Amino acid sequence: MFNLLPILPLDGGHVLKSIAFSMNSLVGLLLCAGAAGAGIFISYSLGLALLGFLLIVGCVEIGFEWRSRYMTHLLPLDRYGQIFSTVWYLATVSGLVAIIWYFAGTGDALLGLPLQVLRS
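Residues numbered from 1 in each chain as written. Predicted model: local features only at pLDDT ≥ 70, side-chain atom pairs only at ≥ 80, totals over all residues. Heavy atoms only, no water.

Asker: Explain the overall build of the protein here, please?
Answerer: The helix and strand tally for the protein stands at five helices and zero strands. Taken from N to C terminus, the helices and strands of the protein fall in the order α-α-α-α-α. Residue burial in the protein is summarised as follows: out of 120 residues, 31% are buried. When contacts within the protein are restricted to residue pairs at least 6 apart in sequence, those whose partners lie at least 24 apart make up 64%. (Helix = DSSP H or I, 4+ residues; strand = E, 2+ residues; numbered from the N terminus. Buried < 20%, exposed > 50% of the residue type's maximum accessible area, 1.4 Å probe, protein only. Contact = heavy atoms within 4.5 Å.)

Written out as structure tokens, the structure reads:
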């Protein structure tokens, strides 16, 4: 799940950067910032402080990368690619969070470790 966080150079950061830079406008950056802001709010309301902090770091990094977006080697996505990538990314992250939450509720200390790390 950590690999899917929207922080560069992790895979989640590359997905977010690809979606934001494909929109090639301020709207793309604002949309990604709004989604990351919602993720930060949700993570802090669920008590996942580390996840919220890493999302903040990812937002700052995407903001800095936005300035040099014209020098990137990413191929722009069309509208279908942007929507599909966003939905697929959110579904994957939600599924992984649900799996971690489920196994943490089984009572096994080792299976609950990822959730304890995210809560720290």
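Next, the rest of the story.
Asker: Would you mind showing me how to read the nonpolar core here?
Answerer: In globular proteins that are soluble, nonpolar side chains generally tend to be buried together. Ranked by size, the top nonpolar core spans eight residues in total: Leu5, Ile40, Leu48, Leu51, Leu54, Leu55, Ile100 and Leu115. Of all the elements, helix H3 (residues 49–67) adds the most residues to this core, at three residues. Beyond its immediate chain neighbours, meaning those up to four positions away, leucine 5 contacts Leu10, Gly12, Gly13, Leu51, Leu54 and Tyr89. (Core = buried A, V, L, I, M, F, W, Y, C linked by side-chain atoms within 4.5 Å.)

Asker: What's the story with the packing of aromatic side chains in this structure? I'm lost.
Answerer: Counted by the stated rule, this structure contains three aromatic pairs. Their ring planes at 20° and their centres at 5.9 Å tell us that tyrosine 80 and phenylalanine 84 sit as a pair that is stacked. Of this pair, tyrosine 80 and phenylalanine 84 both sit in helix H4 (residues 79–104), four residues apart, which is roughly one turn of the helix. Assessed through its relative accessible area of 61%, tyrosine 80 is described here as exposed. (Phe/Tyr/Trp six-rings, centres within 6.5 Å; stacked < 30°, edge-to-face > 60°.)

Asker: What is the right way to look at a nonpolar patch on the surface in this model?
Answerer: Judged by side-chain polarity, Tyr44, Phe53, Ile56, Val57, Val60 and Phe64 come together as a nonpolar surface patch covering roughly 560 Å² of accessible area. Here the nonpolar patch takes five residues from H3, the largest share from any one element. Within the secondary structure layout, phenylalanine 53 lies in helix H3. (Patch = residues over 30% accessible without salt bridge, like charges linked within 9 Å, V, L, I, M, F, W, Y side chains within 5 Å. Areas by Shrake-Rupley, 256 points an atom, 1.4 Å probe, with all protein chains shown as cover. Salt bridge = Lys/Arg side-chain N within 4 Å of Asp/Glu carboxyl O.)

Asker: How should the environment of leucine 55 be read in this particular structure?
Answerer: Inspection of the secondary structure puts leucine 55 in helix H3. Leucine 55 sits 19 residues away from alanine 36 along the chain, and the two C-alpha atoms are 6.6 Å apart.

Asker: Is there a simple way to think about the packing of helix H2 (residues 26–45) against H3 in this case?
Answerer: A pair of packed helices is characterised by two quantities: the angle between their axes and the separation of those axes. Where H2 meets H3, the closest approach of the two axes is 8 Å, and the angle between their N-to-C directions is 170°. By the angle between their directions, the pair H2 and H3 is classed as roughly antiparallel. In contact with Leu26, Leu29, Ala36, Gly39, Ile40, Ser43 and Tyr44 of H2, H3 contributes Ala49, Leu51, Gly52, Phe53, Leu55, Ile56, Cys59, Ile62 and Trp66. Among the residues forming the contact of H2 with H3, the class breakdown is 13 nonpolar, three polar and no charged. (Axes fitted to C-alpha atoms, helices over the stretch in contact; angles between N-to-C directions. Parallel < 35°, antiparallel > 145°, perpendicular 65-115°, else oblique. Nonpolar A, V, L, I, M, F, W, Y, C, P; charged D, E, K, R; others polar.)

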